[in-house]
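# Overview (structure and organization)
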Amino acid sequence: MTLEAQSAAIAAQFDYTDDQVNNAVNEFRRQMTEGLEKDGTSLSQIPTYVTGVPNGTEKGLYMAVDLGGTNFRVCSIQLNGDTTFNLTFTKVAIPRKLMVAKTAQELFAFLAKQIELFLQKHHEDHFEQHVRRRMTMSSPDGYKDEHVFRLGFTFSFPVQQVGINKGTLIRWTKGFDIPDAVGKDVCALLQDEIDKLHLPVKVAALVNDTVGTLMARSYSSPGKTGTVLGAIFGTGTNGAYVEKLSNLKKPLSGEYDKTTGEMVINTEWGSFDNQLSVLPNTAWDVALDKASPNPGIQMYEKRVSGMFLGEILRLVIIDLLKDPKVSFFKDENSSSNDWKSTTNIASDSSIYTQWGLDTAIMSVAAADNTPELSTLRGELEKQLGIYSAGLDDAQAFKAIANAIGRRSARLSAVAIAAIVLQTGKLTHPANADEPIDIGVDGSLVEHYPYFRDMIYEALRAIDGIGEEGAKRIRIGIAKDGSGVGAALIALVAAGMEKRLTTADYLGELRSNAKSNNLTVVPEDDAAQD
Ligand code: BGC
């Protein structure tokens, strides 16, 4: 069999037809409802205790930290109250050994240290004043609470939330594995380490990155109907949306404001259909799952998100290299190579190790439309030590990579469509001309060429959405979602702390917004500096 025919046959295994997409949307909706009714379901549907989305008039200075992938970010955010904000941040890679540390304390001590370094660097005055105050204070608890930064903690793993700043870790994802942390309150873990360093910081809110994305998008682009979904398509994938309280049937333990009639739900859709009733399942999906730290879990994420796409491709490539019937990355001699010299793969190429193929090269493959695929061939050399790949090799690589990327986008459309349909906004006569706003973030939507186009293509084929519906769905990037969103939730939490009941607080928010249409929280109350 020729390489071209073989790669086309492999690519076809990643097809996900319109019928399959429609079938999956129905199943997604069924699993959404199930998750709203009881605990322990595949789609967790976690209540977040966040009962409203912002409108862009919020003000104040807040801190946010973000743990959820390869980097840890610390930021301070000045919300200007006019849909704009100023954000200062530092970013540090999380050492691999801390992702799989023996104790949670090791990881959280590292995080607290980064917060200290950030404060010293960017808020030196505040930090120094605080240290001075502490040293002159007769009682260590004597300093005033308003000198303390409110911090929103974006923690992008499945957490059973029991209040706005309290929640226990259900399971790790995305390569993290510290069993000691499972079942513990992650806010308390962070606060303990912050306190050991005597930092003027209070963990005020616990936020999933998708919830942050939803908040940030609502703040920056408020419309009549508000943003309905915040979604991440990056290292991992997940979505949070606004659900009617009346649909949320499972019992809630914490306090929350009932007056809005809504609550943001963190779907944890990475675990949609762990039972594989509608998800595609090639031999390479099976192999990836088997070798992962969490077999049988996050099955949708393992077919959609950036951490896994490169690994699926790597497994296909390894199989093709072993296939005696095709000649892949191995021409006989330089005369059969159209480009440079005889193809060879470095013996220490990362293609031979698990996770050794960075998904970013799939973006290069998708973007390279030159006749010789010279950019891709350059990257194969640079990133994977595959020297002098032939044009046919690069074409095969591209065809397979594109098929995996396309399947991911079509699966992404399933979740988006199910949630849009669930909100009923497409058919509601009151919003007939309004766009259905969706905020997204993550490396795939940002950097993978045509990812959004491929999502739209699938959306158009979905019953109940079609051409017209797809036109109304506005998928926009929510930059810095996790920082700004966490700040916004810390703001709500700060209001709750002031011993107003939540309902009073939100009532105040709304009447302030109505009366002066400028400031939702009086600036003095909101600013902590
Ligand atoms: C986590 C989610 C998170 C998503 C995107 C998933 O692995 O379970 O909580 O929102 O990644 O970061």
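Further up the page is the structure itself.
All residue numbers refer to position in the chain's written sequence, counted from 1. Since the coordinates come from a predicted model, pLDDT governs what is reported: local features require at least 70, and pairs of side-chain atoms require 80 or more to be given and counted, while whole-chain, interface and lining totals use all residues. To get the side-chain values, take all heavy atoms of the structure and skip hydrogens and water.

## Re the overall build of the protein chain
Each helix and strand in the protein chain was counted, giving 19 helices and 15 strands. Exposed residues in this analysis have more than 50% of their type's maximum accessible area, buried residues have under 20%, and partly exposed residues fall in between, with area computed by a 1.4 Å probe over protein chains only. Counting the 529 residues in the protein chain, one finds 57% classified as buried. A contact between two residues is defined here by any heavy atoms of the two lying within 4.5 Å. Of all intrachain contacts in the protein chain linking residues separated by at least 6 positions in sequence, the fraction that spans at least 24 positions is 71%. Areas reported here follow the Shrake-Rupley algorithm with a probe of radius 1.4 Å; residue values treat only the protein chains shown as occluding. Entry remark: accessible area of the protein chain is about 21300 Å², with carbon and sulfur atoms responsible for 51%. A run of H or I in DSSP counts as a helix once it spans at least four residues, and a run of E counts as a strand once it spans at least two, with each numbered from the N terminus.

## Description of the sheet that holds strand E4 (residues 85-93)
Read across the open sheet, the five strands follow the order E4-E3-E2-E5-E8; overall the sheet is mixed. Two strands close off the open sheet at either side, each with one partner strand: E4 and strand E8 (201-207). Between one strand axis and the next, the sheet turns by 25 degrees as a mean value, whatever way the strands run. Strand pairing requires that DSSP identify at least two bridges connecting the strands. Strand direction decides the pairing type here: strand E5 (residues 149-155) and E8, joined by six bridges, are parallel. Across the sheet, the residue bridging to Leu151 is Val203, located in E8. Fitted lines through C-alpha atoms serve as axes, helices being fitted only where they are in contact, and the angles separating the N-to-C directions of these axes extend from 0 to 180 degrees. Sheet strands in contact with helix H4 (residues 104-122) are strand E2 (59-67), strand E3 (71-80), E4, E5 and E8, and its direction is about 135 degrees off that of E4. Taken strand by strand, helix H6 (residues 186-196) contacts E2, E5 and E8, and its axis lies near 160 degrees from that of E8.

## Some details on the pattern of salt bridges
A side chain of one charge can pair with a side chain of the opposite charge when the charged atoms of the two come close. Whenever a carboxyl oxygen of Asp or Glu lies within 4 Å of a side-chain nitrogen of Lys or Arg, that contact is scored as a salt bridge. What the rule picks out here adds up to 16 salt bridges. A salt bridge links Lys113 to Glu116; its shortest N-O distance comes to 2.7 Å. Of this pair, Lys113 and Glu116 both sit in helix H4, three residues apart, which is roughly one turn of that helix. The exposure class assigned to Lys113 is partly exposed, which follows from its relative accessible area of 38%. For Glu116, a relative accessible area of 11% corresponds to the buried category. A network of salt bridges, in which partner residues are shared, links Glu27, Arg30 and Glu34.

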